[in-house]
Amino acid sequence: MSRSTLTRTEVLDAAASLVKQHGPAALTMRKLAAELGTAVTSIYWHVGNRESLLDALVERTVEEMGAILPQTASGGTPGAGRTPAERILSVARVLRRELRARPHLIAMVHERGLTERMFLPAQQALVHEVHAAGLRGARAADAVRAVQFQIVGFLLVERNRERSPAQSPAESELWDPAAAPHDPALARALARPADPERLFLLSVRALVQALLSPSAPPR
């Protein structure tokens, strides 16, 4: 028995869930209708055809990514952070988290040529913080782009490692203490699995400190 009431938001929520889990190819009007317990004609009534539905999902993803604001490390109050560097790190953390949460939807945004528009609010948040740190002009622009490229580049490497087949020999085999007798502690550390979250924060923090340093050479 099909549902008597349905909203456009419910349709988009269900469609986004299917895409997040299985990719755009898994999104069919019949499968979506089954997921919602309604007739296919009801789906068309609310969102149009499949291409219109995909366009609506892309627009909603762009809007969701536009809501990125600095937060505390624990995910607390937006705008929190004592210094520009802390708030930039917060923006980076949130942006990475949101990009990781919706890879298929982000790919759809990219395919439709809306990536720059999607990143604009995050860029504006970064501009606000580099201005607060005293940077202006080309140096401020370079700082914003360097942080953005670091986030996206790190995420691409991270996802590539996650999708790669099991490695043989593995890092744990390549980095036994004999491989670095002059620094066995390094060998033991490299033999352990990488901690992406810690490495991400380490790399972004170091980059931001260098970019905001008063001693950094002007462009």
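As shown above, the structure is provided for reference.
Throughout what follows, the structure given in this document is the object of discussion. (Residues numbered from 1 in each chain as written. Predicted model: local features only at pLDDT ≥ 70, side-chain atom pairs only at ≥ 80, totals over all residues. Heavy atoms only, no water.)

## Examining the overall build of the chain
Basically, it comes down to this: Each helix is a run of DSSP H or I of at least 4 residues and each strand a run of E of at least 2, with the numbering of both proceeding from the N terminus. Each residue's exposure class comes from its accessible area (1.4 Å probe, protein chains only) as a fraction of the maximum for that residue type: buried when under 20%, exposed when over 50%, partly exposed otherwise. Accessible areas in this description were obtained via Shrake-Rupley with a 1.4 Å probe; residue shielding takes into account the shown protein chains only. For the purpose of charge, His is not counted, nor are the chain termini; Lys and Arg are scored as positive and Asp and Glu as negative. The atoms used to mark charge sites are NZ of Lys, CZ of Arg, CG of Asp and CD of Glu.
From N to C terminus, the chain includes eleven helices and zero strands. The secondary structure elements of the chain, listed N-terminal to C-terminal, are α-α-α-α-α-α-α-α-α-α-α. Overall size of the chain, expressed as C-alpha extent along the three principal axes, is 70 × 50 × 30 Å. Split into buried and exposed, the 219 residues of the chain put 36% on the buried side. For the chain, the exposed area adds up to about 12,800 Å²; of that, 57% sits on carbon and sulfur atoms. Here the chain contributes 27 positive and 22 negative side-chain charges, whose respective centroids are spaced 2 Å apart.

## Re the pattern of salt bridges
Going by this rule: By convention in these notes, a salt bridge is any Lys or Arg side-chain nitrogen within 4 Å of a carboxyl oxygen on Asp or Glu.
Here the structure, examined in full by the defined rule, presents 16 salt bridges. Measuring nitrogen to oxygen at the nearest pair gives 2.8 Å for the salt bridge that ties R117 to E59. Here E59 lies in helix α4 (residues 50-65) and R117 lies in helix α7 (residues 115-132), a separation of 58 residues in the sequence. Given the relative accessible area of 41%, R117 is considered partly exposed.

## Comments concerning the layout of surface pockets
Worth spelling out the cut-off: Think of a 1 Å grid over just the protein atoms. A cavity is a set of points where a 1.4 Å probe fits yet cannot get out, a pocket is an open set with protein on both sides within 12 Å along at least five of seven lines, and lining residues have an atom within 4 Å of a point. Grid points are joined across faces, edges and corners, and a volume is the space filled by probe spheres set on the points. Residue polarity is assigned by list, with Asp, Glu, Lys and Arg as charged and Ala, Val, Leu, Ile, Met, Phe, Trp, Tyr, Cys and Pro as nonpolar; anything else, Gly included, falls into the polar class.
Its boundaries defined by the atoms lining it, the largest pocket holds a volume of some 660 Å³. If you trace the largest pocket, you find 23 residues lining it, with R161, E171, R192, P193 and A194 closest to the centre. Here the lining of the largest pocket gets five residues from one element, more than from any other, and that element is helix α8 (residues 137-163). Broken down by class, the residue content of the lining of the largest pocket amounts to 13 nonpolar, three polar and seven charged. In this structure, the second largest pocket occupies an estimated 350 Å³ of space. Around the second largest pocket sit 14 residues that line it, and I106, A107, V152, L155 and L156 are the ones nearest its centre. Sorting the residues of the lining of the second largest pocket by element identifies α6 (103-111), α7 and α8 as the ones contributing at least two each. In terms of residue class, the lining of the second largest pocket is built from nine nonpolar, three polar and two charged.

## Examining helix α3 (residues 40-47)
Inclusion rule: Directions from the helix axis toward the C-beta atoms define the arc. Residue contacts are defined here by distance: any two heavy atoms, one from each residue, within 4.5 Å place the two residues in contact.
The set of residues buried in α3 consists of S42, I43 and V47. Buried positions in α3, seen along its axis, are confined to an arc of 105 degrees and lie on one side of it. Facing away from the buried side of α3, by more than 90 degrees, are the exposed residues T41 and W45. Where α3 is buried, its residues contact α1 (8-22), α2 (29-36) and α4.

## Topic: the packing of aromatic side chains
Heads up, the condition is: Only Phe, Tyr and Trp rings take part, Trp by its six-membered ring, and two of them pair if their centres are within 6.5 Å. Stacked means planes under 30 degrees apart, edge-to-face means over 60, and tilted covers everything else. By the criterion adopted, a ring carries a charge over it if an Arg CZ or a Lys NZ lies within 6 Å of its centre and within 35 degrees of its normal.
Within this structure, the stated rule accounts for one aromatic pair. When the ring centre of F200 is taken as origin, the NZ or CZ atom of R96, which lies over that ring, is 5.1 Å away.

## Some words on α8
What counts here: In this analysis, the expected span of each helix is defined as 1.5 Å times one less than the number of residues it contains.
The end-to-end C-alpha separation of α8 is 39 Å, in line with the 39 Å expected for 27 residues at 1.5 Å each. Within α8, the full set of buried residues consists of A140, A143, V144, V147, Q148, I151, F154, L155 and E158. Looking at the buried side of α8, the elements it contacts are α5 (84-101), α7 and α11 (196-212).

Remember that the coordinates give geometry; whether it matters functionally is a separate question.
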